[in-house]
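# Notes for the structure review
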Amino acid sequence: MIPKIILGKGSTRRLIAYLFGKGTANEHVDPHLVASWNDFAPDPGRSPHRDPKDVEKQLYTQLDQPVAMLGRRAPRTTVWHCPVRAAPEDPILSDAQWAEIARRIVAAAGIAPAGDTEACRWVAVRHADDHIHIAATLVRQDGRRPRRDYDIRAVQREARQIEVDYGLRRLKSGDGTAAKRPTSKEHFKAKRLGQDATSREILRLRVRRAMAAASTEAEFFALLEATGVTVRLKLGPSGDALGCNFALPGDTNEKGEPVFYAGSTLAPDLSLPKIRQHLATTSPEPVAVRPGNPWHQATAATERIPHHLARSNDAVAQGQLAALGGALDLLPLAAPAAARAELERAAVAFERATRSRIAADHASAVVLRRSVQAIWKNPARQGDGAGLAMLLDVALTAVAYAMHWHRTRQHAQQQAAAEQALIHLQAAYAQITEPVLTGLASRAPSPQTQRRYAHHLQQAVPEHAERILADSAWDALATVLAEAEAAGHNATTVLDQALNQRTLDDAHSPARALTWRIRRLGERRAPGPRAQAANASHAAAHPTAPRPQEPQTRRR
């Protein structure tokens, strides 16, 4: 259940007219009162023998009376409006149930505490199955102001308890860093325009993608223009840009003017100052990314995220999650058409997991952001799709660690977002990896070579060997080992390096995890004979140490 408090000035006349009207898309059905401050307020929806406009006037006049009595001494803010919406999967509540919910909400907010006969005047209007609107005036009937300290928090707390009492969908408590939800008006407009998502949601994704892809402010605005987004800057007296608003082509108001959304209303981290702060750490000057395969670089950077979440300070960890979110925003643009939808759903879900009250250290994740930018500029370098597969393989682990990190810090909404993103990533991973693994398996080495690899595997990781050898991905694993050997690597050494990168305990398919690790290692320049001899000597002198305990989260 989602309550949302909106404050206004002046009379309740326009609000009452809207609540009892047809709505912007004729979406209001049977508008009527379900509760009021005195339980017998005039009801424009249940007065068949009177002109509804006359009843509306009588209603808003009675609501406004305590404010009018104060004259010039009336407060500046006089209208309190709170839509209360149930989740789509919730049962349809009766008028009596909505009436009780309305009384609990106004009591929690301090508008009308239970038993207070001099409290503010209010009404609850129902014009749809799934929600009500509470309209109140912010002057008590005794002329005083209501005590509504922290009413937003108080109403949210009460809504969580209402969910329990009525058996409704239980929402996660937030920390004030979530993106603003689309309004019902925006949903109806999107449906009317034939859009799958509201303009707010489309703009949020486009702005996030432009921020993830850009290295400078000029490039950021150029990318937005290329995607059709109209940008309007808010200029200060000096002429410097202080803020920015965004609009979609074709999204206009009744006057035919573009509907602009401030960046901060799309998401807390999309205000112009926050965008500039983010871009300042991605500008090309201070840190250079070594030349090489950007898919490998992005994979290596993503593979380090679990270490940062487990060992680094919270600011660095939050910066890593923000960079991972940016990577997920851009990956659909570099993916095969069949997997784009799931990847985009994963990005939209994980967006909520990229923010918390912890300030992010964006500079800690420069390599990941730049390597993903390089992928976005030239996605064809992934060749047979193995680059995307190996990046998603480590991204699954990173998102699983993100769930654990948010859980330990009691970030309920962020944890739930990471869980949802993981489901979509798993689906995309399956779509992308199957054709790649099939192609690799078709080039499997001879049975004799496979037996040699299997023998070493059984010696190196006896706890996983049987499962790996029985996995359908074993032929693909043998292929990448053979290709690494053909490129001049020692197959035994490469396998040992892959095994030592991190534990296989949390991998749903250790064979697949090893396939991507070895593919990446095998594409590196092969060491010379002396280096190989030194590596073998070092391995013999330093046996593998026990690995630290990992969060027990199954993935893939």
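This text follows the structure it describes.
Before going into details, it helps to say that this report is about the structure given with it. (Residues numbered from 1 in each chain as written. Predicted model: local features only at pLDDT ≥ 70, side-chain atom pairs only at ≥ 80, totals over all residues. Heavy atoms only, no water.)

### Regarding the pattern of salt bridges
With the rule as written, the count across this model stands at 28 salt bridges. Across the salt bridge formed by Asp269 and Arg355, the nearest N and O atoms sit 3.2 Å from each other. Here Asp269, found in the loop between α8 (263-266) and α9 (272-280), pairs with Arg355, found in the loop between α13 (337-350) and α14 (366-377); they are 86 residues apart in sequence, far enough to count as distant. Assigned by exposure class, Asp269 and Arg355 land together as buried. Linked by salt bridges that have partners in common, Arg208, Asp269, Asp329, Glu351 and Arg355 make up one network. (Salt bridge = Lys/Arg side-chain N within 4 Å of Asp/Glu carboxyl O. Helix = DSSP H or I, 4+ residues; strand = E, 2+ residues; numbered from the N terminus. Buried < 20%, exposed > 50% of the residue type's maximum accessible area, 1.4 Å probe, protein only.)

### Section: the nonpolar core
Core analysis: the largest hydrophobic core is formed by 101 residues, its most contacted members being Phe220, Phe246, Phe350, Leu514, Trp516 and Ile518. Sort the elements by how many residues they give to this core and helix α15 (residues 386-408) lands first, with 14 residues. When near neighbours in sequence (up to four residues on either side) are disregarded, Ile518 contacts Leu477, Val480, Leu481, Val494, Leu495 and Ala498. Counting residues in hydrophobic clusters, the runner-up holds 43 residues, among them Leu33, Ala112, Ala135 and Ile162. (Core = buried A, V, L, I, M, F, W, Y, C linked by side-chain atoms within 4.5 Å. Contact = heavy atoms within 4.5 Å.)

### Considerations on the sheet that holds strand β8 (residues 241-247)
The strands making up a sheet are joined through hydrogen bonds of the backbone, oriented either antiparallel or parallel. The three strands are arranged β7-β8-β9 in an open sheet whose pairing can be described as antiparallel. Two strands close off the open sheet at either side, each with one partner strand: β7 (230-235) and β9 (261-262). Both β8 and β9 contribute to a ladder of two bridges, which runs antiparallel. Directly across from Asn245, in β9, lies its bridge partner Ala262. (Pairing = 2+ DSSP bridges.)

### Points about the packing of helix α17 (residues 447-460) against helix α19 (residues 474-486)
Direction vectors running N to C along α17 and α19 enclose 100°, while the axes themselves pass 10 Å from each other. By the angle between their axes, α17 is roughly perpendicular relative to α19. Here α17 contributes Gln450, Arg452, Tyr453, Ala454 and Leu457 to the contact with α19, which in turn contributes Trp474, Asp475, Ala478, Leu481, Ala482 and Glu485. Of the residues in the contact of α17 with α19, the class split is seven nonpolar, one polar and three charged. (Axes fitted to C-alpha atoms, helices over the stretch in contact; angles between N-to-C directions. Parallel < 35°, antiparallel > 145°, perpendicular 65-115°, else oblique. Nonpolar A, V, L, I, M, F, W, Y, C, P; charged D, E, K, R; others polar.)

### Considerations on the packing of aromatic side chains
Tallied over the full model, the rule gives one aromatic pair. When the ring centre of Phe260 is taken as reference, the NZ or CZ atom of Arg232 above it lies at 4.1 Å. (Phe/Tyr/Trp six-rings, centres within 6.5 Å; stacked < 30°, edge-to-face > 60°. Lys NZ or Arg CZ within 6 Å of the ring centre and 35° of its normal.)

### Overview of α19
Here α19 is 13 residues long and its end C-alpha atoms lie 18 Å apart, about the 18 Å a rise of 1.5 Å per residue gives. Of the residues making up α19, those classed as buried are Trp474, Ala476, Leu477, Ala478, Thr479, Val480, Leu481 and Ala484. Packing partners of the buried residues in α19 comprise α16 (412-441), α17, α18 (462-470), α20 (491-501) and α21 (510-522). Downstream of α19 by one or two residues, Gly488 has phi in the positive range, about 105°. (Expected span 1.5 Å × (residues − 1).)

### Observations regarding the side chain of Asp251
Looking at the secondary structure, you find Asp251 in the loop between β8 and β9. Setting aside its immediate chain neighbours within four residues, Asp251 contacts Lys189, Ser199, Glu257, Pro258, Val259 and Tyr261.

### With respect to the packing of α20 against α21
Following both chains from N to C, one finds α20 and α21 inclined at 120°, their axes separated by 9 Å at the closest point. Comparing their axes, α21 and α20 come out oblique. Judged by the twist between their axes, the crossing of α20 over α21 is right-handed. Every residue of α21 that contacts α20 at Val494, Leu495, Gln497, Ala498, Leu499 and Gln501 is listed here: Leu514, Arg517, Ile518, Arg520 and Leu521. Residues that form the contact of α20 with α21 fall into these classes: seven nonpolar, two polar and two charged. (Left-handed = near helix turned anticlockwise from the far one by under 90°.)

### Section: helix α4 (residues 151-166)
Spanning 16 residues, α4 covers 22 Å between terminal C-alpha atoms, matching the ideal 22 Å at 1.5 Å per step. Those residues of α4 not exposed but buried are Asp151, Ala154, Val155, Ala159, Arg160, Ile162 and Glu163. Of the surrounding elements, those touching the buried residues of α4 are β1 (2-3), β4 (79-85) and α3 (95-109).

### Quick word on the pairing of strand β6 (residues 131-140)
In terms of burial, β6 is largely enclosed, as ten of its ten residues are buried. The pairing of β4 with β6 spans seven bridges and is classified as antiparallel. Within β6, the residue paired with Arg85 across the bridge is His131. The sheet contact formed by strand β5 (residues 120-126) and β6 spans six bridges and is antiparallel. Its bridge partner lying in β6, Ala124 is registered against Ile134. Count of turn residues in the β5/β6 antiparallel hairpin: four residues.

### Topic: the environment of Ala226
Within the secondary structure, Ala226 sits in helix α7 (residues 217-226). A C-alpha to C-alpha distance of 43 Å links Ala226 and Arg76, two positions 150 residues apart in sequence.

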